[in-house]
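Survey of secondary and tertiary structure
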Number of protein chains: 2
Amino acid sequence: MTASRVLRNEGGYSEATRDRVLEKVEALGYLPNRLATVFSGDSRSTFVGVSIPDLGNEVFSQVLEGIDGKLRSLGYQSVLGLTQHTLEEEESWIKTVLSWQPAGLILTGRSHSRRALAMLRGAGLPIVEIWDLNSSPLDVSVGINHFDSGFEMGRYLIELGYRDVAYVGTSHDTANAATARLEGFTKAITASQGRVTRQFCLHDTATFYPGFYGTEQLLATGAAVECIFYQNDSMAFGGMQYCERAGLSVPGDIGIAGWGDMPVASVLNQRLTSIHVSHLKIGQLASEALVARVSGEACATSNDVGFHLVPGDTVRRVAQSTRR
Amino acid sequence: MTASRVLRNEGGYSEATRDRVLEKVEALGYLPNRLATVFSGDSRSTFVGVSIPDLGNEVFSQVLEGIDGKLRSLGYQSVLGLTQHTLEEEESWIKTVLSWQPAGLILTGRSHSRRALAMLRGAGLPIVEIWDLNSSPLDVSVGINHFDSGFEMGRYLIELGYRDVAYVGTSHDTANAATARLEGFTKAITASQGRVTRQFCLHDTATFYPGFYGTEQLLATGAAVECIFYQNDSMAFGGMQYCERAGLSVPGDIGIAGWGDMPVASVLNQRLTSIHVSHLKIGQLASEALVARVSGEACATSNDVGFHLVPGDTVRRVAQSTRR
DNA sequence: AAGAATTAAGTTATCGGTAAACTTGCAAGC
DNA sequence: GCTTGCAAGTTTACCGATAACTTAATTCTT
């Protein structure tokens, strides 16, 4: 008991005793057992469960980097769960991670299985849902409105004069943020009598090569396409590379728009038209919100990180006469 | 006690009792407290501490994806620690994660602080050091010989006729695997009377933009450079983009070599000369080795995943007469 | 100098799951 | 009828840190 007091600087011991304890700690290589502390219920765990769909898509790597960095600085540890975009994986991970009595959870995405929802509600701990802003979150939501970001890109392309456009992305079992972007995009395009051709790379990760072969497949259909909107910048770059190989000039023959303002865009010799989102900030804000809730502080239910369109050189103003 | 037996399918109860227990479990929304089980020492924890330098460098994302995926399938959870390439961060993370009684640790890199080493030895649990193969690991080592991979690239460039070459990478406080690659590379080059000009992007992440501006800075020095070897493919692509902007043709005016055979290379219209390494496999093997050690199974001390050189179109055979 | 106040250190109980030891009830065997 | 065997279920103790309480020794107050 006295040793416990010394190690926690709680006072109530003499200098001599303190020295004797610290000497023994050193000699024995003693390391405290946090399990016992948390188990006894005297203090809360410093574990935070963090679910991420995958790390192949660089935007999620950045989100995770933001989460873990901030959690660490606040004295918490991340318990990782890569869910591969499936609710079943998420559910089984939630079950496991809850049995470890975490301080809270950070979940990517707003849709969860029925049983996951039951467990989450029953657990009664802080939950931050990130990525897709949620008007009725389980607890706290941090992210952006993906529908709106897709809509804004749609409006922008319409204003430039594009009407026959396409979308290239990946497809998973669950309705996700990318789906919401596509819906917003489609709404903006069709509202102005445009058309959206869709091309999905089934069950692939949203990175360079699916952008490349998704574009190849799209153009092989012979669809009249003036501009392609991609799920993210990595896929958009893959698409640009296909266009180059196919002898199509960008934006002369075809327009290209990405999403996420990702690292690869920083070195391209054409400025890529995209939507800027601070992925790191989403992660950081999520961690801050979670820790605030753990500490019982007030915390906004919905935290919009915002986005803005990045106009680039990969789209151009299309004269009305050149179409059709 | 009977409930505990039912939940663990241990036998020693009647069907009726079993049903009664499961019914109550459902009704109460009972979730087991793994903390208590592990704390009591009756079974081992299913936590595995995983330290990774950063996620901005895509190779580490892939390693982590391999680790977490395999750990999950074996019934373990990853507790993440992003160490930002510093031994101090690693040390403080080790101290914290050890207090949670993990089943074992997976550490990226082979160098650790003195105090970290003392804690690791004292903890007496399985430790897998990944990335840089270690002839005298703490416990188990999984990775490749980075020195050799750099040496092989050096030999290859020498054979093509290159003599004045450069290296562009990032620099951190610690000697790391990238440093070992550079040493192997330098040895191969200088052994054949070649020269290596070095250019480091200090304290930056090994990704696209540092490759771009590192190349800019290198070429601004006016050094006679025939070929540049980069820390990885992302940086190499950044460098290629700078060359294009500067009006230098690749490989006509300058040769480019990367490392890691990373995703971006899959969409380039020139095949990038690189070293192929299965990052995912390193992660998977590390997890398997760790779980084997936890289960008390025999396990090789040193696990070489291997690499091979990928010849590409970004270097060419240099005629002896064209030099100097 | 007697009693109150203060400080230092020790004792007990607790968290939840489960190993080990134990009790109970029932049926088969002789 | 009595023992034996076994299945079903219960009790106790333990893991380590620490809150709450107790005890012992010392210092302060009037």
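Cut-offs and rules
Residues numbered from 1 in each chain as written. Chains lettered and ligands numbered in written order. Predicted model: local features only at pLDDT ≥ 70, side-chain atom pairs only at ≥ 80, totals over all residues. Helix = DSSP H or I, 4+ residues; strand = E, 2+ residues; numbered from the N terminus. Buried ≥ 20, exposed ≤ 12 C-beta atoms within 10 Å, placed from the backbone. Domains from an automatic or database assignment. Near = placed C-beta within 6 Å. Nonpolar A, V, L, I, M, F, W, Y, C, P; charged D, E, K, R; others polar. Contact = placed C-beta atoms within 7 Å. Least-squares fit on C-alpha atoms with pLDDT ≥ 70 in both. Expected span 1.5 Å × (residues − 1). Axes fitted to C-alpha atoms, helices over the stretch in contact; angles between N-to-C directions. Parallel < 35°, antiparallel > 145°, perpendicular 65-115°, else oblique. Left-handed = near helix turned anticlockwise from the far one by under 90°. Pairing = 2+ DSSP bridges. Right-handed = clockwise from strand over helix to strand, strands pointing away.

Within chain A, the secondary structure is distributed over 11 helices and 12 strands. Considered along the principal axes of its C-alpha atoms, chain A spans approximately 90 × 40 × 30 Å. Taking all 324 residues of chain A together, the buried fraction comes to 53%.

We note that the domain assignment places domain 1 (2-32), domain 2 (47-145 + 278-306) and domain 3 (146-276 + 310-322) within chain A. Using only C-alpha atoms to locate each centre, domain 1 of chain A and domain 2 of chain A end up separated by 37 Å.

Close contacts around DNA strand C come from 20 residues, with Y13, T17 and S40 of chain A together with A36 and S40 of chain B the closest. Residue assignment for the surface near DNA strand C shows that the elements contributing at least two residues are α1 (2-7) and α3 (34-39) of chain B. Counting residues per element, the surface near DNA strand C draws most heavily on α3 of chain B, which supplies three residues. Residues that form the surface near DNA strand C fall into these classes: eight nonpolar, 10 polar and two charged.

Residues and elements named next belong to chain B. Looking at the secondary structure, you find I189 in helix α8 (residues 177-190). Given 26 C-beta atoms within 10 Å, I189 falls into the buried group. Linking I189 and L31, residues 158 residues apart in sequence, is a C-alpha distance of 61 Å. Excluding its chain neighbours within four sequence positions, the residues that come into contact with I189 are G154, I158, V165, G194 and V196.

Bringing the relation of the copies chain A and chain B into the picture now. Screw-axis analysis of chain A against chain B gives a translation of 0.0 Å along the axis, an RMSD of 0.2 Å, and a rotation angle of 180°. Within this description, the copies of the chain are treated as partners about a two-fold rotation axis. Among all C-alpha atoms of chain A, that of V79 of chain A lies closest to the rotation axis, at 2.2 Å. When the interface residues of chain A are mapped onto chain B, 100% of them again fall at the interface, so both copies present the same face.

Another aspect to go through is the environment of V168 of chain A. All names here are of chain A. Within the fold, V168 resides in strand β6 (residues 164-171). For the pair V168 and F200, spaced 32 residues apart in sequence, the C-alpha to C-alpha distance is 5.8 Å. Once residues lying within four places of it in the same chain are set aside, the contact partners of V168 are Q199, G211, G214, T215, L218, I228, Y230, Q231, M235 and G239.

All names here are of chain A. An ideal rise of 1.5 Å per residue puts 21 Å on 15 residues; helix α8 (residues 177-191) measures up with 21 Å between its terminal C-alpha atoms. Taken together, the buried positions of α8 are occupied by A177, A178, A180, R181, L182, G184, F185, T186, A188 and I189. Buried residues along α8 sit in contact with β4 (127-132), α7 (146-160), β6, β7 (195-202) and β8 (227-230). Just past α8, the residue Q193 takes up positive phi, approximately 60°.

Attention now moves to the packing of helix α9 (residues 208-220) of chain A against helix α10 (residues 233-245) of chain A. Residue and element names in this part refer to chain A. Packing of α9 against α10 brings their axes to within 6 Å, and their N-to-C directions diverge by 50°. Between α9 and α10, the interaxial angle falls into the category oblique. The handedness of the crossing between α9 and α10 comes out as right-handed. Contacts between α9 and α10 involve F208, Y209, P210, G211, F212, G214, T215 and E216 on the former and, on the latter, S234, M235, A236, F237, G238, G239, Q241, Y242 and C243. For the contact of α9 with α10, the per-class residue count stands at nine nonpolar, seven polar and one charged.

Note on interface size: it is often stated as the accessible area lost on association of the parts. Listed per partner, the contact involves 45 residues of chain A and 46 residues of chain B. Of all elements in the fold, only α3 (34-39), α4 (58-73), β2 (77-82), α5 (87-98), α6 (114-123), α9 and α10 of chain A reach the threshold of two or more residues within the side of chain A that touches chain B. Residues of the side of chain A that touches chain B, tallied by class, amount to 23 nonpolar, 16 polar and six charged.

Residue and element names in this part refer to chain A. With parallel pairing, four strands are arranged side by side in an open sheet as β7-β6-β8-β9. Each of the sheet's edge strands pairs with one partner strand only, and the pair in question is β7 and β9 (255-257). Going from strand to strand, the sheet's axes swing by 20° on average, the running direction of each strand aside. Here four bridges tie β6 to β8, and the two strands are oriented parallel to one another.

Whenever strands of a sheet pair, they do so through backbone hydrogen bonds, lying parallel or antiparallel. The strand order β11(A)-β5(A)-β4(A)-β3(A)-β1(A)-β2(A)-β2(B)-β1(B)-β3(B)-β4(B)-β5(B)-β11(B) describes an open sheet built from 12 strands, whose pairing is mixed. This sheet does not close on itself; its edge strands, each paired only once, are β11 (302-304) of chain A together with β11 (302-304) of chain B. Between one strand axis and the next, the sheet turns through 20° on average, direction left out of account. Inspection of the sheet shows strand β1 (residues 47-52) of chain A paired to β2 of chain A by six bridges, in the parallel sense. By the bridge assignment for β2 of chain A, F47 of chain A is matched with Q77 of chain A. The strands touched by helix α11 (residues 279-294) of chain A within the sheet are β1, β3 (104-108), β4, β5 (140-144) and β11 of chain A, with β5 of chain A carrying the most contacts at an inclination of about 170°.

Here we come to the protein's contact with DNA strand D. Taken together, 19 residues sit near DNA strand D, with A36 and S40 of chain A together with M1, T17 and S40 of chain B positioned nearest. For the surface near DNA strand D, the leading source of residues is α3 of chain A, giving three residues.

Buried residues dominate strand β2 (residues 77-82) of chain B, accounting for six of its six residues. Of the two faces of β2 of chain B, both are covered, the one formed by Q77, V79 and G81 of chain B as well as the one formed by S78, L80 and L82 of chain B. With three bridges joining them, β2 of chain A and β2 of chain B adopt antiparallel strand pairing. Within the sheet, the bridge partner assigned to L80 of chain A lies in β2 of chain B and is S78 of chain B. In this region the chain leaves strand β1 (residues 47-52) of chain B, passes through helix α4 (residues 58-73) of chain B and returns to the parallel neighbour β2 of chain B; the handedness of that crossover is right-handed.

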